[in-house]
Every structure is written in C-alpha cells, then in structure tokens.
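Results of the structural survey
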Amino acid sequence: MALDRVPRRVGVVGYGRLGQSLVSHLLTQGPELGLELVFVWNRDPGRMAGSVPPSLQLQNLTALGERHPDLVVEVAHPKIIQESGAQILRYASLLVGSPSALADQATEQQLLEASHRWNHTVFVARGALWGTEDITRLDAAGGLQSLRVTMATHPDGFRLEGPLAAVPSTGRRTVLYEGPVRGLCPFAPRNSNTMAAAALAAPSLGFDRVVGVLVADLRVLPAPLQAGDPSLLRSLLPWWTSSSHLRPPITALASVTPNLLPASVNIGGFSPCMVWCLWSLISLL
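Along every chain, residues carry numbers that run from 1 in the direction the sequence is written. Confidence filtering applies because this is a predicted model: local features only for residues at pLDDT of at least 70, side-chain atom pairs given and counted only at 80 or more, and all residues used for totals across whole chains, interfaces and linings. Side-chain figures throughout are based on the complete set of non-hydrogen atoms in the structure, without hydrogens or water.

The helix and strand tally for the chain stands at eight helices and 11 strands. Taking all 285 residues of the chain together, the buried fraction comes to 54%. Should any heavy atoms of two residues lie within 4.5 Å, those residues are counted as being in contact. Contacts in the chain between residues far apart in sequence, at least 24 positions, make up 74% of those at least 6 positions apart. We get accessible surface area from the Shrake-Rupley algorithm with a probe of 1.4 Å; when it comes to residues, only the shown protein chains can shield them. Only carbon and sulfur atoms are counted for the fraction: they give 53% of the accessible area of the chain, which is about 12800 Å². Put simply, DSSP marks the helices as runs of H or I at least four residues long and the strands as runs of E at least two long, and each gets a number from the N terminus on. Buried means the residue's accessible area, taken with a 1.4 Å probe over protein chains only, is under 20% of the maximum for its type, while exposed means over 50%, and partly exposed covers the values in between.

Let's shift gears to the pattern of salt bridges. Criterion for a salt bridge: a side-chain nitrogen of Lys or Arg within 4 Å of a carboxyl oxygen of Asp or Glu. Taken as a whole and judged by the stated rule, the model has six salt bridges. Put simply, Glu-83 and Arg-43 hold a salt bridge, and the shortest N to O gap is 4.0 Å. Here the residue Glu-83 occupies a position in helix α2 (residues 78-88), and Arg-43 occupies one in the loop between β2 (35-41) and β3 (71-74), the gap between them amounting to 40 residues. In terms of burial, Glu-83 and Arg-43 fall into one category: exposed.

Residue His-68 is not a glycine yet carries a positive backbone phi of 50°. Here His-68 shows up in the loop between β2 and β3. Positive phi, close to 60°, is recorded for Asn-119, a residue that is not glycine. Mapped onto the elements, Asn-119 comes out in the loop between α3 (105-118) and β5 (122-124). Using a relative accessible area of 42% as the deciding quantity, one classes Asn-119 as partly exposed.

This paragraph deals with the sheet that holds strand β6 (residues 148-153). Pairing between strands requires that DSSP locate at least two bridges from one strand to the other. Strand order in this open sheet of three strands is β6-β8-β7, and the pairing throughout is mixed. Looking at which strands have only one partner, the edges of the open sheet turn out to be β6 and β7 (173-180). Across the sheet, the axes of successive neighbouring strands diverge by a mean angle of 15°, strand direction being ignored. Bridge count between β6 and strand β8 (residues 211-217): six bridges; the pairing is parallel. Bridge pairing links Val-149 to Gly-212 in β8. Note on geometry: axes are lines fitted to C-alpha atoms, helical ones only across the stretch in contact, with angles between N-to-C directions running from 0 to 180 degrees.

Phe-39, Val-72, Leu-94, Leu-147, Phe-207, Val-210 and Leu-214 are the most contacted members of the largest nonpolar core, which totals 50 residues. Per element, the largest residue contribution to this core is seven residues, and it comes from helix α6 (residues 193-201). For Val-210, the contacting residues outside a window of four places in its chain are Leu-147, Gly-179, Pro-180, Val-181, Ala-198, Ala-199, Ala-202 and Leu-205. Counting residues in hydrophobic clusters, the runner-up holds 20 residues, among them Val-10, Tyr-15, Leu-37 and Leu-71. What we call a nonpolar core is a set of buried Ala, Val, Leu, Ile, Met, Phe, Trp, Tyr and Cys residues that are connected through their side-chain atoms within 4.5 Å.

For the chain, per-residue confidence averages 79 on the pLDDT scale, and 76% of positions sit at 70 or higher. pLDDT gives the predictor's per-residue confidence on a scale running from 0 to 100. Note on residues 224-285: pLDDT under 50 across the span, and 173 contacts to partners over four residues away in sequence or across chains.

Next up on the list: the environment of Pro-203. Relative to the assigned elements, Pro-203 resides in the loop between α6 and α7 (206-209). Using a relative accessible area of 27% as the deciding quantity, one classes Pro-203 as partly exposed. C-alpha separation for the pair Pro-203 and Ala-140, spaced 63 residues apart in sequence, amounts to 8.6 Å.

Taking 1.5 Å per residue as the helical rise, α3 with its 14 residues ought to reach 20 Å, and the 20 Å between its terminal C-alpha atoms agrees with that figure. Considered for burial, the residues of α3 that qualify are Thr-107, Leu-111, Leu-112, Ala-114 and Ser-115. Looking one or two residues beyond α3, the residue adopting positive phi is Asn-119, at roughly 60°. Expected span, for any helix, means 1.5 Å times one less than how many residues it has.

A residue's bend is given by the angle between axes fitted to the 7 residues ending at it and the 7 residues starting at it. Its maximal kink placed at Leu-27, helix α1 (residues 17-33) deviates by approximately 50°, while the proline Pro-31 follows within four residues. Along α1, the residues classified as buried are Leu-18, Gly-19, Ser-21, Leu-22, Val-23, His-25, Leu-26, Gln-29, Gly-30 and Leu-33.

Below, the structure written as structure tokens:
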C-alpha cells in the first residue's frame, strides 16, 4: 500500500551481493513503501552494467549531492566510511553498514563533527548481533562487566588482511585472534562488523574492552551471504519527523554511544530528529 507522503530519497553505496539485493528491492518495492532510489555507486562501475538503469548509476561519489538524497546506505567496505563518510554527511544522513570503520577513532570523530555541522544523522546497523537491545540495557544499568564475541567459521569464509592473513590454520579449530575489538577491525574489516556493533552496544566497554575472538573451524561449512529476504526493504520503511533544535546523533540500532546521543532518543524506535527504521544487515561476509 502506497504511503501518503513525499517519498524518501535513498542512495546506495556498494553493489556487492547485499547492495544488489537492496537495489533490486528498492526498484521493485520502493514506491509502495515511500522510498525512491536516486543513485547507486560502486568502486567498479562496470559491475552495475546491465542491472542498474544508467540514469541511476553514479560515476563519482563526490557528485552525490546532485541527486539530493535523504539517506545514503553504505554496504561496501569500511574504507568508504573512512574516506568519504564525512563528505556524505554534508548532503544526507548516513547508514553505516560497515561499523568496523568506527574502530578508527579519527573516523568516529570526523563523522560526529560532520553530523553536527550539517545537521544530519549517522545510523549504524547492528548486523547479525541478536540481543543488542539486551546488551544496551544491561550496560546502561551498570550491570555489564565484560563482553566477549566469538565468531567461528570455515577458513575460506574469512577475508583477512595484514598479519592475520598469515596466521596458519592448524587442526580442526584455530583461534586466529583474541583481544580487543579495536585491534581486530583493521585486519578483519569484513569479518568484524558484528563485533564492532557489540562494542557500540556496550559503550562503557567500547572497542577497547569488548573482546573479539576469531576462530577458523574446519567443521563449519562456508555459506554464502543470504541477502534475498524482502523484509530487508520493508524494515527500512521510514517514519519522518524533524526537530532542528536537537543535535543529530551518531546512532546504532539498539547500540549507541550515550555521550553522542540525546537522552530523549528511543533506541531502535523513534528519534525526535530524523527517524529511520533500520534493518538487520547480515555483515559477516
């Protein structure tokens, strides 16, 4: 059923498997949900050929302001947030689909400053972290003493960088990393997004005290990303309000850094600034 309101303009940055699914659903179901796809950008433009209408292909990310988006959804790589996140916020609110980017303190600060300067909001997808709301409530109540997130998958499921890429998998189960999430994110940017969401969900611990454990397990069969669920798009359905006197926060779906967020914001629900019901991005690529 069509929504009786002005469509919200959405841009998508990244055209991998998740980006392709999101774009497909926006093109087919967006109008009935009050969403209008206004551009798609990918580092390799050739990947969009034949599947994204030429009029929607954005060749230069710096030109996104010409498309007048309300929200830009990043489903590409943490480097995109680190390199272009602050610039995107000049023109639109930003949904970060690669929260491991926020392990870099300079990036987090840049996004916060740009959010305040341009009066746009940063949302962070919680990814595959079920129970985020419970972690946040426990942390806010002062009852969270420690948090440990273990990811075990087949060695072929990892895309590791730096020294982690050279760690050999010995035996059926090998612990590749165990330590602060902040130290893991730079070397496993595609395999640490759920851990990064946990660090945001527990701000009293943060990236330095939430422990991430990365395990290569030969008993776990590698599985492709399942991004074809139409509910992904339905849960992006926006409720729109505005209140210019409030600071635009950096917000995670049920995982928030409190000093960046007004107390009146209802986590996972409605914000008095600008409200987007975020979907649960599957971020273990």
